[in-house]
Amino acid sequence: MDKKKNATSTLEIKEWLLDMLPYEVMWMNESGSILYTNTRFCERVGYSKEEMGHLSIFDINTSTTRKSWARHWKLVKKKGKNTFKATHQSKSGEVYEVEVNAQYFSNNRKEMICAVVNDISQSSFYQNLLQSTETLTGIGGWKINLQDGSFIVTEEAFRLFNVNDKQDLHPSRIINFIKEKDRFKKKNTEAITKGSPFKEVFETTESPKRYIKALAVPKVKNGKVFKVFGAYQDVTEQVKKEIDLNLYKQVIDNAEDLIYLYNREGKLIHYSNSVVRKLGFSREELDDFTIFNLDPTMSPDWWADHFNEIVSRGSVHLEWLVMRKDGTKFPVDITANHLCYDGVDLNCAIVRDITDRKMRDLELFEALQEIKSLKVQVENENEYLQEEISKTLNNGNIISRSESYAKVLSLIHQVAPTDSTVLITGESGTGKELLASAIHDKSKREERPLIKVNCATLPKELFESELFGHKKGAFTGATNDKIGKFKLADGGTIFLDEIGELPIEMQSKLLRVLQEGEYDEVGGTKTIKVDVRVIAATNRNLEEMLKEGKFREDLYYRLNVFPIYNIPLRERKEDIPLLAQFFLEKYSLKAGKMFKRLAKKTVESLMQYSFPGNIRELENLIERAVIIEQGTTLSPGEWLPKNAGNMPSGSFGSFEDMQRQYIIEVLNHTRWRVSGPSGAAMILGLNAKTLFAKMKKLGIEKKVVLK
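A. How the structure looks around the overall build of the protein chain. Along the backbone of the protein chain there are 29 helices and 26 strands. A buried classification covers 40% of the 707 residues belonging to the protein chain. The contacts in the protein chain between residues at least 6 apart in sequence include a share of 57% that link residues at least 24 apart.

B. Broad picture of the sheet that holds strand E24 (residues 562-565). What the five strands build is an open sheet, ordered E17-E20-E23-E16-E24; its pairing is parallel. What marks the edges here is a single partner per strand, and that holds for strand E17 (450-454) and E24. The average angle at which neighbouring strand axes cross in this sheet is 20 degrees, direction not considered. Strand direction decides the pairing type here: E17 and strand E20 (residues 493-497), joined by five bridges, are parallel. Looking at the pairing, Ile451 lines up with Ile494 of E20. Contacting strand E16 (422-425), strand E23 (533-538) and E24, helix H16 (residues 403-415) crosses the sheet at an angle of about 155 degrees to E24. Together, E16, E17, E20, E23 and E24 form the strand contacts of helix H17 (residues 432-441), whose direction differs from that of E16 by roughly 155 degrees.

C. Quick look at empty space enclosed by the protein. In total, this model carries two cavities of 30 Å³ or more according to the counting rule given. Taken together, 20 residues form the lining of the largest cavity, with Tyr262, Ile291, Met298, Trp320 and Ile334 sitting closest to its centre. Contributions of two or more residues to the lining of the largest cavity are made by strand E11 (258-263), helix H13 (291-294), helix H14 (300-313), strand E13 (315-323), strand E14 (329-341) and strand E15 (344-353). The greatest single-element share of the lining of the largest cavity, amounting to five residues, is contributed by E13. Residues belonging to the lining of the largest cavity are distributed by class as follows: 17 nonpolar, two polar and one charged.

D. Representation of unusual backbone geometry. Cis geometry is adopted by the peptide bond preceding Pro208, which originates at Ser207 and carries an omega value of 0 degrees. Within the fold, Pro208 resides in the loop between strand E8 (198-203) and strand E9 (211-221). Here the phi dihedral of Glu498 falls at roughly 55 degrees; this positive angle occurs in a residue that is not glycine. For Glu498, the position within the fold is in the loop between E20 and helix H20 (504-516). Of note, Trp672 is a non-glycine position whose phi angle comes to about 65 degrees, a positive value.

E. Structural context of the pattern of salt bridges. According to the stated counting rule, one finds 39 salt bridges in the structure shown. Residues Arg159 and Glu156 are paired through a salt bridge, measuring 2.7 Å at the closest nitrogen-oxygen approach. Of this pair, Arg159 and Glu156 both sit in helix H7 (residues 155-161), separated by three residues, roughly a single helical turn. The salt bridge partner of Lys547 is Glu544, with a shortest N-O separation of 3.8 Å. You can see Lys547 and its partner Glu544 sitting in helix H21 (residues 542-547), three residues apart, about one turn around the helix.

F. Region of interest: the packing of helix H23 (residues 576-591) against helix H24 (residues 600-608). At their nearest, the axes of H23 and H24 sit 10 Å apart, and the two run at 120 degrees to each other. Comparing the axis directions of H23 and H24 gives the class oblique. As H23 packs across H24, the resulting crossing turns out to be right-handed. Residue-level inspection shows Ile576, Pro577 and Ala580 of H23 in contact with H24, the latter providing Val603, Leu606 and Met607.

G. Just the packing of H16 against H17, in detail. Where H16 meets H17, the axes come as close as 8 Å, and the angle between the chain directions of the two elements is 35 degrees. The element H16 and its partner H17 pack so that their crossing is right-handed. Here Tyr405, Val408, Ile412 and Val415 of H16 come into contact with H17, specifically with Leu435, Ala438 and Ile439. Here the residues of the contact of H16 with H17 are counted per class, giving seven nonpolar, no polar and no charged.

H. Inspection of the pairing of strand E1 (residues 24-28) at higher detail. With respect to burial, E1 is a largely interior element, five of its five residues being buried. Where E1 meets strand E5 (residues 110-119), five bridges bridge the pair, whose relative direction is antiparallel. Among the inter-strand pairings, Met28 is bridged to a residue of E5, identified as Ile113. Two elements, E1 and strand E2 (residues 34-37), share three bridges in a ladder whose sense is antiparallel. For Met26, the partnering residue across the bridge sits in E2 and is Thr37. Between E1 and E2, which pair antiparallel one after the other, the connecting turn spans five residues, and Gly32 there sits at a positive phi close to 95 degrees.

What counts, and at which threshold
- Residues numbered from 1 in each chain as written.
- Predicted model: local features only at pLDDT ≥ 70, side-chain atom pairs only at ≥ 80, totals over all residues.
- Heavy atoms only, no water.
- Helix = DSSP H or I, 4+ residues; strand = E, 2+ residues; numbered from the N terminus.
- Buried < 20%, exposed > 50% of the residue type's maximum accessible area, 1.4 Å probe, protein only.
- Contact = heavy atoms within 4.5 Å.
- Pairing = 2+ DSSP bridges.
- Axes fitted to C-alpha atoms, helices over the stretch in contact; angles between N-to-C directions.
- 1 Å grid on protein atoms, 1.4 Å probe; cavity = no way out; pocket = protein on both sides within 12 Å on 5 of 7 lines; lining within 4 Å.
- Points joined across faces, edges and corners; volume = space filled by probe spheres on them.
- Nonpolar A, V, L, I, M, F, W, Y, C, P; charged D, E, K, R; others polar.
- Salt bridge = Lys/Arg side-chain N within 4 Å of Asp/Glu carboxyl O.
- Parallel < 35°, antiparallel > 145°, perpendicular 65-115°, else oblique.
- Left-handed = near helix turned anticlockwise from the far one by under 90°.

This is the structure:
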């Protein structure tokens, strides 16, 4: 009994001694289970001893895996001991760095590792000093350990970005605070993967925006990055001052007027670039000049009186003669202003050349005329754009998921940023106008108008007036000046649809605009210069028209700089359900109907149809269906084409034959009614006059159908 009592007392003393140690102590077995921890260890991690009995090393060192623990056990067992640094996590989730001295023990065939743990992240004089320095300088630090995955940040970093979760400060997530995400991501990736340090300033996404200086210093061992140290600092005020300073300097340096800055002694302190250009002196000469070098006629007494007057009055205005390096002089208007910088009086003289003052009245008159002309142009542009807005149905949307059509869209992205002329070809109704709008919207001209001209609808005698404008009285009926479409499109884009319909006599004039950027108004006396990008479109074969002498060869090659073939709907059938759904929602809203979806059989029927009228025909079909049908799901009905099904392979005819055949089919469907709400023109998406013209051109008469 005494032996057992003594053994128990001895065990209590040993446990007390372990609890009195100034270190954290823990024992673990081969599986990583925690066998024992002293009181200091429990207090640091926040668990009770009872709770610790149910935990393992994987709960304390969360970066440890089963494999890494097995390697560690094998190493300590072989060497007997091992000292290393690690990262522990408390019950509250706090992560802190520790230094571990692990030793291997074996007692009665029971193998264990005893780890003596020293918390090396606790406050010290030097750490407090560093933290105080961080606060004073506004620098927040961080460290990533790529070996164990630990991530540590300083308190100032939390304050800098106003976050509570340290993971928000990880480079992979702090990117959300940064406006230039790609540059930030690239720099951090290079630091981690290549060991490339960086120090950059980034603009934040906040409002008001801030500027953050970010730096990273990788630590490399054996050719691999194992740690990255970094810091963030708010440098908003510094950057703003630099921006303001550069702005003021640029304003002075790029001013057209001559700007001088003198001190009381007449020394030239600073000057604008215009002084160098206007006077002919080099910068080396001007840097050593005084007012007396620039104007040998000026006396020191006059300058002293003049400077005193500027200081007392704040500003003095006078006219003078300024001499160039070659001795020639020119009259100027001078406004001399008093500035005081750092207690030093300065004279800032703004000098304007008034040689051409006699011409200003004329220039002012011409400027007023130009303003008047621009006002009329803006009014015309607004009127034109309002008309376009009322006519636009799809608002410029291009709906597609077709791989074949993706090639067309990639061409749009390639050519849009350039000013190259584009020729869009393809069947009628394929959406060539939408492609033109997409090119314009993605170009650097997007802020200026896109002017659309349908060459097929313009009367032959009005082509020149519509495109280039006319003066009042230029011809019978010209009661007012008219601004042409090219003038409206100045600085923007003009879309010439159905370019194949352009009369041969007009083609040379269009070629002149493309080559020279100029044209003459009808009845005008002055050549007009314009900066217009041209996008043309046609469903005709221009190469065949070249052979027939109906289209100029030089104009064709000038238009065909960047050709885009807009494929027909039957070659991008996977887009039919998307387009049909879009039109269904659009016209349901207009008609006040409740349609939400297309029935499966409806989609199948549409997919089997060849759509010779392309997207325009599909849109008209859906609009008609919305008017006729009821419900929330659009089911097949009489609105579907009777001859649905693919065109038989090998039965292709010419484009005009196909047009003729399709128009006849539509006319049969409408019982040869051309105009009106249920007429063929409505179905085909054409103006009734245009359809009559096409019928006459293709030789379509009612007797053709009655044969």
